[in-house]
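# Per-entry structural report
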Amino acid sequence: MMMIMLGAGVPSKLQTEIDAFNKDEALVHGTWSLCVIDLDSGKVLASNLPDKRMIPASTMKILTTGAAMGLLGKDYRYTTYIEYDGVYDSINGIIHGNIYIRGTGDPTFGSSQLSGDTVNGFPGLAKRLKRMGIKIIEGNIFGDHT
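The structure reproduced in this document is the subject of the present report.

Conventions we followed
Residues numbered from 1 in each chain as written. Predicted model: local features only at pLDDT ≥ 70, side-chain atom pairs only at ≥ 80, totals over all residues. Heavy atoms only, no water. Helix = DSSP H or I, 4+ residues; strand = E, 2+ residues; numbered from the N terminus. Contact = heavy atoms within 4.5 Å. Areas by Shrake-Rupley, 256 points an atom, 1.4 Å probe, with all protein chains shown as cover. Pairing = 2+ DSSP bridges. Axes fitted to C-alpha atoms, helices over the stretch in contact; angles between N-to-C directions.

What follows deals with the overall build of the protein. A count of helices and strands for the protein gives 3 helices and 8 strands. Relative to all contacts within the protein whose residues are 6 or more apart in sequence, the contacts with residues 24 or more apart total 46%. Accessible area of the protein: about 11300 Å², with a carbon and sulfur share of 58%.

As structure tokens, this is what we get:
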């Protein structure tokens with residue numbers, strides 16, 4: 001986890017610098033986002049478009065990866081769970097009920113760059129269900145991102 005210590009008065013000065021930076025003509029076609037939060041109070045100390053969703057640049061991926069490793073650990077693996085309710089007729093491969101796809105936030109879901117026993121998007125999900133012997137779902141398929 002990356003932590004930056006700020007001295008007294010620095011947050012307001014930082015926000016002033018952010019505001020001045022945004023007035024630079026070189027940024028007229030650029031977009032950037034930043035949010036500095038006090039870890040103890042949760043108070044936002046300085047920000048620029050803090051709710052803007054952005055695709056991270058290559059250098060930002062290093063910081064994101066470092067933060068994820070610090071929070072989750074280097075051996076953490078995302079898991080996509082396939083669950084069902086109702087009754088599973090394993091002889092005929094029929095689920096008399098619903099399928100629930102419960103993810104844990106895997107940022108590679110749907111990536112064509114991965115192989116192995118990953119879900120790899122909806123075509124991969126269908127292949128996994130087939131390998132499990134499921135041929136018919138007499139219900140709905142729900143996605144659960146929680």
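Moving on, we come to the sheet that holds strand β6 (residues 99-102). Reading across the sheet, the 3 strands line up as β3-β6-β8 and stay open at both edges, with mixed pairing between neighbours. Single-partner strands in this sheet number two, and they are β3 (81-84) and β8 (141-144). For this sheet the average axis-to-axis angle between neighbouring strands, irrespective of direction, equals 25°. In terms of strand pairing, β6 meets β8 through 4 bridges, oriented parallel.

It is worth stressing that arrangement in space is one thing and function is another; only the former is reported here.
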